[in-house]
Amino acid sequence: MQNASQTDLTVDEILDALKRDPLSAKQFSISSASRIRNSVKAVWENYRSTAKSFTFEDVKKWSLNVKVGSFVWNVEDFLAVASRVIELKKKYLPRDVQLVAVLAFLQQKTDRNRQMAQISTGEGKTLITALVAIYHVLKHWHTKERRIDIITSSPVLAEANVAEIQWLYKAFEVEVTNNCDAKCATSNELKRERYNSDVIYGDLSNFMRDVLVTLYFDRDITRNTTAAAGVIDEVDSMLLDK
């Protein structure tokens, strides 16, 4: 999915631009575009009717109710509440283009649910990634598919992303960490503890190292677990031999 524009566009303008783009058009059928359009509309309806009055404490209660299964919820409900969190913290609401990106990742039915997007600098890639990750964790809270890995192009970027967006994870009480900072680089036990987290940021070499040490050196760094899903940041960098 390519970016529609650097400017603020409505959901209809975004989807029209995507349909005109040859690469994006292959992923967007009329039905999927309509589904995303309706979902964005539902997000804002849910925000206005319910989430707009939420405090941070209300968000925590909503998240707890989701985790214990107190009510039926969907991605539109989650994005409405997340929009309120963003508003409380940053004093602005997410743009339609960001909601479209999240919904495209979560709603598109492709081979093994693989999806690729081109998101320009300044379009909110860190925010979009976090929203996808938090939704995945909440959706799979009581299953073995709960953990999700965010694979970045460098350890520095992994640390920076966690520091930048940790407030959003905290609002939903979802544990996030990295596996590549200076502290865990010198302590296998600390790194092992971090694999208890719901979302783990790190570069490819650190994930590979942890898996190999677990498999061949009997240190169980990863607790013999694997993530059920992953987001690869700057996927083109995966083709480079570092």
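Residues numbered from 1 in each chain as written. Predicted model: local features only at pLDDT ≥ 70, side-chain atom pairs only at ≥ 80, totals over all residues. Heavy atoms only, no water.

Colleague: Describe the pairing of strand 1 (residues 148–152), with residues and values.
Modeller: Of all five residues making up strand 1, five are buried, and the element is well covered by its neighbours. Neither face of strand 1 is left uncovered, since the one carrying Ile-148, Ile-150 and Thr-152 and the one carrying Asp-149 and Ile-151 both have all their residues buried. Relative to strand 3 (residues 199–203), strand 1 is paired through five bridges, and the arrangement is parallel. Looking at strand 3, one finds that Thr-152 is bridged to Asp-203. (Buried < 20%, exposed > 50% of the residue type's maximum accessible area, 1.4 Å probe, protein only. Helix = DSSP H or I, 4+ residues; strand = E, 2+ residues; numbered from the N terminus. Pairing = 2+ DSSP bridges.)

Colleague: So, the pattern of salt bridges: which residues are in play, and what are the values?
Modeller: The tally for this structure, following the rule as stated, stands at 12 salt bridges. Asp-210 serves as the salt-bridge partner of Lys-191, at 3.2 Å between the closest nitrogen and oxygen. Taken as a pair, Lys-191 in helix 10 (residues 188–194) and Asp-210 in helix 11 (residues 204–216) lie far apart in primary sequence, 19 residues in all. Of the residues examined, Lys-191 reaches a relative accessible area of 2% and is grouped as buried. The exposure class of Asp-210 is buried, given its relative accessible area of 0%. Residue Arg-192 is joined to Asp-220 by a salt bridge in which the shortest nitrogen-to-oxygen separation is 3.2 Å. With Arg-192 in helix 10 and Asp-220 in the loop between helix 11 and strand 4 (229–232), this pair connects stretches of sequence that are 28 residues apart. Counted as one network, the salt bridges with shared partners bring together Asp-8, Arg-95 and Glu-123. (Salt bridge = Lys/Arg side-chain N within 4 Å of Asp/Glu carboxyl O.)

Colleague: Give me the lowdown on the environment of Val-100, citing residues and values where you can.
Modeller: Along the chain, Val-100 falls in helix 6 (residues 96–107). Look at Val-100 and you get buried, because its relative accessible area is 1%. Separated by 86 residues in the primary sequence, Val-100 and Ile-14 place their C-alpha atoms 8.1 Å from one another. In contact with Val-100, not counting residues within four places along its chain, are Val-11, Ile-14, Leu-15, Leu-18, Ile-36 and Val-40. (Contact = heavy atoms within 4.5 Å.)

Colleague: Which residues make up helix 11, and what are the values?
Modeller: Over its 13 residues, helix 11 extends 18 Å from the first C-alpha to the last, a length consistent with the 18 Å expected when each residue adds 1.5 Å. Asn-206, Phe-207, Asp-210, Val-213 and Thr-214 are the residues of helix 11 that are buried. On an axial view of helix 11, the arc spanned by its buried residues comes to 135 degrees, and they lie on one face. Summarising the geometry of helix 11, the exposed residues directed more than 90 degrees from the buried face are Leu-215 and Tyr-216. Taken together, the buried residues of helix 11 touch strand 1, helix 8 (155–171), helix 10 and strand 3. Asp-218 occupies a position one or two residues after helix 11 and carries a positive phi of about 55 degrees. (Expected span 1.5 Å × (residues − 1). Arc of directions from axis to C-beta.)

Colleague: Outline the sheet that holds strand 3, listing residues and values.
Modeller: Spatial strand order, 2-3-1-4: four strands in an open sheet with parallel pairing. The open sheet is flanked by strand 2 (176–178) and strand 4, the only strands paired with a single partner. Recorded for the sheet is a direction-independent mean angle of 20 degrees between the axes of neighbouring strands. Taken together, the three bridges between strand 2 and strand 3 define a ladder with parallel strand orientation. When the bridges of strand 3 are listed, Thr-177 appears paired with Ile-200. Along the sheet, helix 11 contacts strand 1 and strand 3; its crossing angle with strand 3, the most-contacted strand, is approximately 110 degrees. (Axes fitted to C-alpha atoms, helices over the stretch in contact; angles between N-to-C directions.)

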